[in-house]
Amino acid sequence: MHLVRGLHNLRPRHRGCVATIGNFDGVHRGHQAILARLRERAAELGVPSCVVIFEPQPREFFGPDTAPPRLSRLRDKLELLAAEGIDRVLCLSFNRRLRELSAAEFVHAVLVEGLGVKHLEVGDDFRFGCDRAGDFEFLRQVGPVEGFTVEAAATIEVAGERVSSTRVREALAEANFALAEHLLGRPFTIEGRILHGQKLARQLGTPTANVQLKRRRVPLSGVFVVSVELDGRRWPGVANIGVRPTVDGDGRPHLEVHLLDFAGDLYGRHLTVAFHHKLRDEQRFASLEALKTAIDGDVAAARAFWQGQPLK
Ligand SMILES: Cc1cc2nc3c(=O)[nH]c(=O)nc-3n(C[C@H](O)[C@H](O)[C@H](O)COP(=O)(O)O)c2cc1C
Ligand SMILES: Nc1ncnc2c1ncn2[C@@H]1O[C@H](COP(=O)(O)OP(=O)(O)OP(=O)(O)O)[C@@H](O)[C@H]1O
């Protein structure tokens, strides 16, 4: 899959494709359906498939602190789109200039001049352009004039509800991991590199891998049963996402994972943590001894969870 960053990096050879536009946060089953349709249309027309995404996502541009936490960073999204068989991603910086483009200007500059789109596939609720004035009806009118066809993707529902990134976030906040997995078509995961921690966990008897979150905000917090993928192998584990009020509290969330039955050095390695069940909220304990007892309980609960159940 080829990534083009910004309109200015489009070349004449990029013209001629089928496209869709959106945030595609989490690449959930609604997105997967649109992407499947896009692949079909690309094959029919003999042109590449292209997904147009924004970075930051528009809501993050308008309210960096109030926008909901992401399900996927840009690199996760790109991996997921590649796995869906998409040929090309155009990643546009969402900035003042872009937000001020009217719907007609956006269509002309991005879809026509930039991509030479032959066919556009969007959800029927898709809105775009300055003040979100552009919609499916507008595209249907302007498409034939600008030389492309437009199709509204059928709405994908799970359990009678439209699948959306918002719904996945709600499921995670409610710790409904079965629903989140159903909506995503895979378990919710967080990937990252292992950093050095304070080395306190070892003293607590439960060595943990500290996954680098940087400034990333995550859509869940608490103590969880997880599975961890490391170099193509899967391990059962238990994880904490929180600010660790008992021991420090730099106010930033940390993701720490203890792999059951694993011995070895994980510093600098890359791992993927899949979330399956919430055990409890994070708590401030009166002593390290009390924290240790709680963590021992979490480890036992994770062991019981995986007992007789295949790792996934
Ligand atoms: C399963 C698990 C549950 C945890 N629960 C809590 C908790 O409820 N409250 C808390 O302050 N810290 C909690 N922690 C975080 C510990 O405080 C942390 O592992 C310890 O500070 C070691 O940090 P270090 O790896 O940076 O040395 C938990 C950690 C794990 C692995
Ligand atoms: N369940 C769905 N069925 C059909 N199309 C969908 C579905 N979900 C999203 N789409 C379409 O996929 C494209 C990208 O959607 P986008 O990621 O912007 O929105 P979303 O998944 O609904 O997220 P949010 O909850 O943030 O609105 C849009 O064209 C949108 O209409």
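Residues numbered from 1 in each chain as written. Chains lettered and ligands numbered in written order. Predicted model: local features only at pLDDT ≥ 70, side-chain atom pairs only at ≥ 80, totals over all residues. Heavy atoms only, no water.

Looking at an unreviewed UniProt entry, one finds the protein chain named Riboflavin biosynthesis protein and attributed to Zestomonas carbonaria. What UniProt records for the protein chain under Sequence similarities (unreviewed entry) is the sentence "Belongs to the ribF family." The protein chain has a UniProt comment under Function (unreviewed entry) that states "Catalyzes the phosphorylation of riboflavin to FMN followed by the adenylation of FMN to FAD." (UniProt positions renumbered as here; feature names shortened; annotations may be inferred.)

A. Structural view of the overall build of the protein chain. A tally of helices and strands in the protein chain yields 10 helices and 14 strands. Oriented by its inertia axes, the alpha-carbon framework of the protein chain measures out at about 70 × 40 × 35 Å. Out of the 312 residues in the protein chain, the part that is buried amounts to 48%. Excluding contacts between residues fewer than 6 apart, the proportion of contacts in the protein chain whose partners are at least 24 apart in sequence is 73%. Total accessible area computed for the protein chain in this model is approximately 15200 Å², and 50% of it derives from carbon and sulfur atoms. Mean positive and mean negative side-chain charge positions of the protein chain (43 and 39 charges, respectively) differ by 4 Å. (Helix = DSSP H or I, 4+ residues; strand = E, 2+ residues; numbered from the N terminus. Buried < 20%, exposed > 50% of the residue type's maximum accessible area, 1.4 Å probe, protein only. Contact = heavy atoms within 4.5 Å. Areas by Shrake-Rupley, 256 points an atom, 1.4 Å probe, with all protein chains shown as cover. Lys, Arg positive; Asp, Glu negative; His and termini not counted. Charge placed at Lys NZ, Arg CZ, Asp CG, Glu CD.)

B. Focus on the pattern of salt bridges. With the rule as written, the count across this model stands at 21 salt bridges. Salt-bridge contacts for Lys292 lead to Asp296; the nearest nitrogen and oxygen are separated by 3.4 Å. Residue Lys292 and its partner Asp296 are both found in helix α10 (residues 288–306); the two are separated by four residues, about one turn of the helix. For Lys292, a relative accessible area of 27% corresponds to the partly exposed category. Via salt bridges that share partners, Arg37, Glu40 and Glu151 belong to a single interconnected network. (Salt bridge = Lys/Arg side-chain N within 4 Å of Asp/Glu carboxyl O.)

C. Representation of the sheet that holds strand β9 (residues 189–195). Taken together, the six strands give a closed barrel; going around it, the order is β9-β10-β13-β12-β11-β14, and neighbouring strands pair in antiparallel fashion. Averaged over neighbouring strand pairs, the angle between their axes works out to 45 degrees when direction is ignored. Sheet topology places β9 next to strand β14 (residues 270–280); five bridges connect them, and they run antiparallel. Bridge pairing in β14 links Arg193 to His270. Docked against the sheet, α10 engages β11 (222–230), β12 (233–242), β13 (254–259) and β14, running at close to 100 degrees with respect to β14. (Pairing = 2+ DSSP bridges. Axes fitted to C-alpha atoms, helices over the stretch in contact; angles between N-to-C directions.)

D. Focus on the pairing of strand β3 (residues 49–55). The element β3 is extensively covered by neighbouring structure, given that six of its seven residues are classed as buried. Looking at chain direction, strand β2 (residues 17–21) and β3 are connected through four bridges and run parallel. Residue pairing in the sheet places Thr20 in a bridge with Val51 of β3. Read as a crossover between parallel neighbours, the route from β2 over helix α1 (residues 29–45) to β3 is right-handed. (Right-handed = clockwise from strand over helix to strand, strands pointing away.)

E. Looking closely at the packing of aromatic side chains. Under the definition given, this model contains 13 aromatic pairs. Residues Phe54 and Phe94 carry aromatic rings whose centres are separated by 5.8 Å and whose planes lie at 90 degrees to one another, so their mutual orientation is edge-to-face. Here Phe94 lies in the loop between β4 (88–93) and α4 (96–100) and Phe54 lies in strand β3, a separation of 40 residues in the sequence. Taken as a pair, Phe54 and Phe94 share a single burial class, namely buried. (Phe/Tyr/Trp six-rings, centres within 6.5 Å; stacked < 30°, edge-to-face > 60°.)

F. Fine view of the site of ligand 2. Taken together, 20 residues lie near ligand 2, and His28, His31, Asp125, Ile156 and Thr166 sit nearest. One nitrogen or oxygen atom from the main chain of Gly123 is found 2.8 Å from an oxygen atom belonging to ligand 2. Coverage of ligand 2 by the protein amounts to 87% of the 610 Å² it exposes when considered alone. Under a 2 Å grid-point criterion requiring more than half of the atoms, the pocket assigned to ligand 2 is the largest pocket. Elements with a contribution of two residues or more to the shell around ligand 2: α1, β5 (117–123) and α7 (165–173). Ranked by the residues each element gives to the shell around ligand 2, the list is headed by α1, at three residues. (Near = heavy atom within 4 Å. Polar contact = N/O pair within 3.5 Å; in protein donor to acceptor, adjacent residues only side chain to side chain. 1 Å grid on protein atoms, 1.4 Å probe; cavity = no way out; pocket = protein on both sides within 12 Å on 5 of 7 lines; lining within 4 Å. Sits in = over half its atoms within 2 Å of the grid points.)

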